[in-house]
There are 2 protein chains.
Amino acid sequence: MDQRVKKKATIYDLSVLSGSSPSTVSAVLNGTWRKRRIKESTAQTILGLAELHQYTTNLQARGLRRSRSGLVGLMLPVHDNRYFSSMAQTFEGHVRSRGQCPVVVSASRDPEEERRTAETLISYSIDQLFIVGATDPDGVHEVCEPAGLRHINIDLPGAKAHSVISDNYEGARMLTEAIIRRFSNDDPLRPDELFLFGGRNDHASRERIAAFHATKKALLGTDPDDGVQSSGYSPDITLRAFEAFYQSRGKLPRALFINSSINMEGLLRFMAGRPAEMFSELVVGCYDYDPFGSFLPFPVIMVRQNVEAMITKAFELIDEPPTAPQTFLIAPELIQPRSALKGPLDSLKDIA
Amino acid sequence: MDQRVKKKATIYDLSVLSGSSPSTVSAVLNGTWRKRRIKESTAQTILGLAELHQYTTNLQARGLRRSRSGLVGLMLPVHDNRYFSSMAQTFEGHVRSRGQCPVVVSASRDPEEERRTAETLISYSIDQLFIVGATDPDGVHEVCEPAGLRHINIDLPGAKAHSVISDNYEGARMLTEAIIRRFSNDDPLRPDELFLFGGRNDHASRERIAAFHATKKALLGTDPDDGVQSSGYSPDITLRAFEAFYQSRGKLPRALFINSSINMEGLLRFMAGRPAEMFSELVVGCYDYDPFGSFLPFPVIMVRQNVEAMITKAFELIDEPPTAPQTFLIAPELIQPRSALKGPLDSLKDIA
DNA sequence: TTCGCTTGCACAATCGATGGTGCATAAACT
DNA sequence: AGTTTATGCACCATCGATTGTGCAAGCGAA
């Protein structure tokens with residue numbers, strides 16, 4: 001511990017110490033030494049020295065030479081949300097089990113930021129990119145393609161690369177049906193008592209809205225065309241949508257289809273400061289699963305997207321030889337109110 | 001678009017195209033060209049060509065040369081949790097505003113994994129490392145130090161580098177007091193009706209438990225020594241703790257101090273399948289804030305740690321010249337039940 | 001002894017960008 | 001005119017690891 005910062009040992013240092021050439025040292029340390037017919041004893045010497053001097057490979061140098069970095073990227077819209085954070089958690093497990101290094105970044109649903117972020121990751125020669133919930137997946141594709149970067153869309157599909165998404169139509173159909181069936185035959189839900197809040201003009205929202213309409217029509221006969229209040233993926237805009245609705249009608253609907261947990265937070269904001277009784281008769285369906293959301297003081301039926309299956313499928317696809325872009329649907333699961341499901345954290349070692 | 005993968009343009013390509021030397025091209029593209037007295041017109045030519053050929057710097061090469069990468073690392077225990085995911089979200093904003101690239105990874109609260117992860121990040125020459133909630137911060141320090149990597153502890157303190165943590169004692173004091181005061185004088189809470197679940201032998205838990213005991217003693221006179229059920233940071237262990245408690249006493253306590261939102265998920269698991277009425281009289285304090293958790297069917301008083309302030313402080317410290325390690329306390333905030341607070345997502349551009 | 005094959009390793013180019021140094025040419029000054 | 005100073009840029013070593021190629025020593029066979 002002489003110097004404050006003793007420079008890290010390199011293959012050149014070990015080369016001098018061992019009396020072998022740098023190339024031999026390199027081969028020994030990266031495991032290709034048998035192929036290069038290095039003597040066992042030479043290898044052992046070098047490995048011993050490496051250990052002794054705490055050698056670690058400079059991955060930037062290796063990356064530069066190999067033009068691959070060992071990094072695998074996950075681009076999320078945002079971190080702060082249980083759907084996406086469970087995506088990150090699951091992704092990390094997969095990447096680590098392959099001996100690579102996961103890198104998670106968010107791009108705020110901003111197409112420009114998405115492209116810039118992809119550019120940056122490419123500049124670090126990441127090996128693969130998983131694009132989750134991108135606003136403009138094809139824009140990101142245009143950046144990845146010329147760089148030869150393997151990539152795949154998750155959650156929101158693109159036209160130019162494989163996509164693995166949740167079966168939004170079926171999920172929304174189940175959810176809508178479950179909401180409607182939640183009401184007894186004595187006092188059934190009327191079509192104008194069920195509204196959808198949230199979503200914008202992306203593939204997932206469109207599918208969900210379509211299923212919402214179709215299922216309402218199928219089960220309730222009709223579907224008034226003002227049943228959808230788009231409010232993007234912003235709690236605050238959703239809050240304002242609820243306030244506007246409440247303002248104009250004097251009450252909330254009896255039942256809500258909420259497009260995502262982020263929009264659900266808009267409902268929470270609406271609830272804050274208002275009496276709990278106001279919501280005691282409410283029935284909510286939420287397209288996303290959040291364990292705490294499942295235990296609110298009114299029934300919340302949720303849809304859990306199968307993150308594990310999506311990530312697994314995505315890893316399968318990204319390694320395959322390229323074919324024409326396809327979209328793969330993963331079935332989501334309907335979750336009854338008051339359910340506390342296991343998540344990716346449960347596969348971690350428990351320590352008390 | 002001739003080739004499938006047309007190689008990215010390098011400074012050498014631009015050098016040939018522009019008739020300037022690679023070093024000139026490099027200087028122009030990295031902005032140091034005025035310092036190197038490059039003619040304005042030469043610079044413009046090169047910049048034009050760079051634009052035309054979509055040049056982007058190979059950051060691995062730059063990183064190798066400069067032995068800095070422009071990457072800033074955040075090491076979390078886990079992603080899938082609103083406290084840590086809001087940490088990630090906030091961190092990203094700060095790093096991006098400094099023109100660097102955030103990299104978020106998790107290390108599962110495993111000391112070995114924490115060190116390995118730090119090693120890996122160092123191999124990529126990251127510029128700074130923010131270590132959040134590490135089980136063994138000083139172990140990570142031992143890895144960072146010899147590499148000359150600036151690093152700082154957040155959430156859980158270490159002895160060998162600056163730490164920015166939440167004021168756990170004060171937070172737990174406020175929370176315990178708030179729980180107790182929640183009960184009316186007609187039917188006040190007895191000392192043996194308030195239990196703490198969760199936590200393990202880390203600094204945060206110790207502080208919180210100390211404050212819990214002290215506050216109980218101060219306000220309720222005594223504090224039975226079995227008032228604490230350690231159950232780590234695992235929903236399932238916490239679930240088992242609740243089951244065991246319930247098994248042996250036939251009921252839950254009237255009031256609970258829950259050490260973190262992860263432990264709170266253990267309570268959810270206990271609730272699942274049990275009648276809601278069983279919990280209607282319960283009062284819960286949770287050391288962590290989760291918007292959905294705030295609206296459960298019983299009062300949940302929460303403590304929100306000031307993530308923004310912690311990250312801001314950490315960025316201040318990490319840039320300063322090194323001094324003897326200090327720990328900085330950031331005041332957390334008591335959050336009344338049924339509060340839907342703004343979070344880091346709210347500073348994103350809202351799009352409907 | 002000589003040819004040929006295997007073994008074991010060294011050499012050197014390369015990945016792309018950076019930055020210290022030095023050298024022309026031009027402008028300014030005595 | 002001769003010297004100094006400024007301008008504009010090229011050259012080259014370097015960061016650390018990888019990998020194709022080549023070559024000497026050793027050994028067996030002819």
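What you are looking at is a predicted structure, and each value in this text was computed from that prediction instead of being measured. (Residues numbered from 1 in each chain as written. Chains lettered and ligands numbered in written order. Predicted model: local features only at pLDDT ≥ 70, side-chain atom pairs only at ≥ 80, totals over all residues. Heavy atoms only, no water.)

Section: the UniProt feature "domain: HTH lacI-type" (unreviewed entry) in chain A
Reasoning step 1: Feature annotation in UniProt assigns "domain: HTH lacI-type" (unreviewed entry) to the following positions: residues 9-66 of chain A.
Reasoning step 2: As a span, residues 9-66 of chain A carries 66% helix and 0% strand, and end to end its C-alpha atoms are 20 Å apart. (UniProt positions renumbered as here; feature names shortened; annotations may be inferred. Helix = DSSP H or I, 4+ residues; strand = E, 2+ residues; numbered from the N terminus.)

Some points on the sheet that holds strand E12 (residues 333-335) of chain B
Residues and elements named next belong to chain B.
Reasoning step 1: What the six strands build is an open sheet, ordered E7-E6-E8-E9-E10-E12; its pairing is mixed. Sheet topology places strand E7 (228-229) and E12 at the edges, where each strand pairs with a single neighbour.
Reasoning step 2: The pairing of strand E10 (residues 300-304) with E12 spans three bridges and is antiparallel. Paired with Arg304 across the two strands is Glu333, which belongs to E12.
Reasoning step 3: Most of the contacts of helix H9 (residues 203-220) go to strand E6 (residues 194-197), to which it runs at about 175 degrees, and overall it touches E6, E7 and strand E8 (255-258). (Pairing = 2+ DSSP bridges. Contact = heavy atoms within 4.5 Å. Axes fitted to C-alpha atoms, helices over the stretch in contact; angles between N-to-C directions.)

Some words on the protein's contact with DNA strand C
Reasoning step 1: Taken together, 28 residues surround DNA strand C, and among them Lys39 of chain A together with Arg36, Tyr55, Arg62 and Arg65 of chain B come closest.
Reasoning step 2: Within 4 Å of the protein, the contacting atoms of DNA strand C are drawn from sugar and phosphate to the extent of 46%.
Reasoning step 3: The separation between a phosphate oxygen of DNA strand C and a polar side-chain atom of Arg62 of chain B is 2.4 Å.
Reasoning step 4: For the surface near DNA strand C, the elements supplying multiple residues, two or more each, are helix H2 (22-30) and helix H4 (59-66) of chain A together with helix H1 (11-18), helix H2 (22-30) and helix H4 (59-66) of chain B. (Near = heavy atom within 4 Å. Polar contact = N/O pair within 3.5 Å; in protein donor to acceptor, adjacent residues only side chain to side chain.)

Details of the sheet that holds strand E10 (residues 300-304) of chain A
Residues and elements named next belong to chain A.
Reasoning step 1: Read across the sheet, six strands follow the order E7-E6-E8-E9-E10-E12 without closing on themselves; strand pairing throughout is mixed. Two strands in the sheet have a free side with no partner beyond their single neighbour: strand E7 (228-229) and strand E12 (333-335).
Reasoning step 2: As judged from the three bridges shared by strand E9 (residues 283-286) and E10, these two strands associate in the parallel manner. Paired with Cys286 across the strands is Met302, a residue of E10.
Reasoning step 3: Lying over the sheet, helix H10 (residues 235-249) contacts strand E6 (194-197), E7 and strand E8 (255-258), oriented at roughly 150 degrees with respect to E6.

Here we look at the packing of aromatic side chains
Residues and elements named next belong to chain A.
Reasoning step 1: With the rule as written, the count across this model stands at 22 aromatic pairs over all chains.
Reasoning step 2: The interplanar angle of 65 degrees and the centroid separation of 5.3 Å between the aromatic rings of Phe91 and Phe130 together place this pair among those described as edge-to-face. Here the residue Phe91 occupies a position in helix H5 (residues 82-97), and Phe130 occupies one in strand E3 (residues 128-132), the gap between them amounting to 39 residues. Phe130 carries the same exposure label as Phe91, and that label is buried.
Reasoning step 3: Among the aromatic side chains, those forming a connected cluster through ring pairs are Phe195, Phe197, Phe242, Phe245, Tyr246, Phe270 and Phe279. (Phe/Tyr/Trp six-rings, centres within 6.5 Å; stacked < 30°, edge-to-face > 60°. Buried < 20%, exposed > 50% of the residue type's maximum accessible area, 1.4 Å probe, protein only.)

Description of the interface of chain A and chain B
Reasoning step 1: Every contact between the two is made by 88 residues of chain A and, on the other side, 88 residues of chain B.
Reasoning step 2: Around 7,400 Å² of area is buried between chain A and chain B when both sides are counted, 56% of it from carbon and sulfur atoms.
Reasoning step 3: The largest share of the area that chain A buries against chain B comes from Gln60, Asp80 and Phe292 of chain A, three residues that together contribute 12% of it.
Reasoning step 4: At the junction of chain A and chain B, the tally comes to 12 salt bridges.
Reasoning step 5: In this structure, the connection of chain A to chain B is made through 38 residue pairs in polar contact (both at pLDDT 80 or more).
Reasoning step 6: Contributing elements (two or more residues each) for the side of chain A that touches chain B: H4, H5, strand E2 (101-106), helix H6 (111-123), helix H7 (137-147), H10 and helix H11 (261-271) of chain A. (Buried area = accessible area lost by both parts, 1.4 Å probe. Salt bridge = Lys/Arg side-chain N within 4 Å of Asp/Glu carboxyl O.)

Notes on the environment of Gln336 of chain A
Residue and element names in this part refer to chain A.
Reasoning step 1: Among the secondary structure elements, Gln336 is positioned in the segment after E12.
Reasoning step 2: Gln336 sits 51 residues away from Gly285 along the chain, and the two C-alpha atoms are 9.6 Å apart.
Reasoning step 3: For Gln336, the residues in contact, after removing those within four places along its chain, are Arg182, Ser294 and Val300.

What to know about the protein's contact with DNA strand D
Reasoning step 1: Around DNA strand D, the surrounding shell holds 28 residues, and the nearest of these are Arg36, Tyr55, Arg62 and Arg65 of chain A together with Lys39 of chain B.
Reasoning step 2: Backbone atoms, meaning sugar plus phosphate, form 47% of the atoms of DNA strand D positioned within 4 Å of the protein.
Reasoning step 3: Backbone polar atom of Ala61 of chain A to a base nitrogen of DNA strand D: 3.3 Å apart, as the coordinates give it.
Reasoning step 4: In the environment of DNA strand D, a phosphate oxygen lies 2.6 Å from a nitrogen or oxygen atom belonging to the side chain of Thr24 of chain B.
Reasoning step 5: Among the secondary structure elements, those contributing two or more residues to the surface near DNA strand D are helix H1 (11-18), H2 and H4 of chain A together with H2 and H4 of chain B.

So, unusual backbone geometry
Residue and element names in this part refer to chain A.
Reasoning step 1: One non-glycine residue with positive phi stands out, namely Gln54, at about 55 degrees.
Reasoning step 2: As for its placement among the helices and strands, Gln54 is situated in the loop between helix H3 (40-52) and H4.
Reasoning step 3: Given a relative accessible area of 58%, Gln54 falls into the exposed group.

Here's the deal with the nonpolar core
Reasoning step 1: The biggest cluster of nonpolar side chains holds 54 residues, and the ones touching the most others in it are Leu267 of chain A together with Leu267 of chain B.
Reasoning step 2: Ranked by size, the runner-up nonpolar core spans 38 residues in total, among them Cys101, Ala134 and Val140 of chain A together with Val105 of chain B. (Core = buried A, V, L, I, M, F, W, Y, C linked by side-chain atoms within 4.5 Å.)

Some remarks on the domain arrangement of chain A
Residues and elements named next belong to chain A.
Reasoning step 1: When the domains of chain A are assigned, the result is domain 1 (11-57), domain 2 (68-161) and domain 3 (168-304).
Reasoning step 2: Each of domain 2 and domain 3 was reduced to a C-alpha centroid, and the two centroids are 30 Å apart.
Reasoning step 3: The interface of domain 2 with domain 3 comprises eight residues on the first partner and 12 residues on the second.
Reasoning step 4: Buried area between domain 2 and domain 3, both sides added, is near 800 Å², and the carbon and sulfur share of it is 52%.
Reasoning step 5: Counting the surface domain 2 buries against domain 3, the share from its top three residues, Arg82, Arg109 and Leu156, is 56%.
Reasoning step 6: Inspection of the region where domain 2 meets domain 3 yields zero salt bridges.
Reasoning step 7: Taken together, domain 2 and domain 3 are joined by one residue pair in polar contact (both at pLDDT 80 or more).
Reasoning step 8: For the side of domain 2 that touches domain 3, the class distribution of residues is four nonpolar, two polar and two charged. (Domains from an automatic or database assignment. Nonpolar A, V, L, I, M, F, W, Y, C, P; charged D, E, K, R; others polar.)

Considering helix H12 (residues 307-319) of chain A
All names here are of chain A.
Reasoning step 1: The terminal C-alpha atoms of H12 lie 19 Å apart, and with 13 residues this matches the ideal 18 Å at 1.5 Å per residue to within 8%.
Reasoning step 2: Within the span of H12, buried status applies to Val307, Met310, Ile311, Ala314, Phe315, Leu317 and Ile318. Taken around the axis of H12, the buried residues stretch over an arc of 165 degrees, which confines them to a single face.
Reasoning step 3: Those residues of H12 that are buried lie in contact with H5, E3, strand E4 (150-154), strand E5 (163-166) and strand E11 (327-330). (Expected span 1.5 Å × (residues − 1). Arc of directions from axis to C-beta.)

Some thoughts on H1 of chain B
All names here are of chain B.
Reasoning step 1: If you check which residues of H1 are buried, you get Ile11, Leu14 and Ser15. With its buried residues spanning 110 degrees around the axis, H1 presents them on a single face. Facing away from the buried side of H1 by more than 90 degrees, the exposed set consists of Tyr12 and Val16.
Reasoning step 2: Looking at the packing, one finds that the buried side of H1 touches H2 and helix H3 (40-52).
Reasoning step 3: Where H1 begins, the capping side chain belongs to Thr10, and its oxygen is found 3.1 Å from the backbone nitrogen of Tyr12.
Reasoning step 4: Looking one or two residues past H1, Gly19 carries a phi angle of roughly 80 degrees, positive in sign.

Quick look at the pairing of E8 of chain A
If a strand is regular, its side chains alternate between the two faces of the sheet.
Residues and elements named next belong to chain A.
Reasoning step 1: Judged by which residues are buried, E8 turns out to be covered on both faces: Ala255 and Phe257 on one side and Leu256 and Ile258 on the other are all buried.
Reasoning step 2: Note that E6 and E8 share four bridges and pair parallel. Bridged to Leu196 within E8 is Phe257.
Reasoning step 3: Note: E8 against E9, four bridges, orientation parallel. Directly across from Leu256, in E9, lies its bridge partner Val284.
Reasoning step 4: Viewed along the sheet, the connection from E8 through H11 into E9 turns out right-handed. (Right-handed = clockwise from strand over helix to strand, strands pointing away.)

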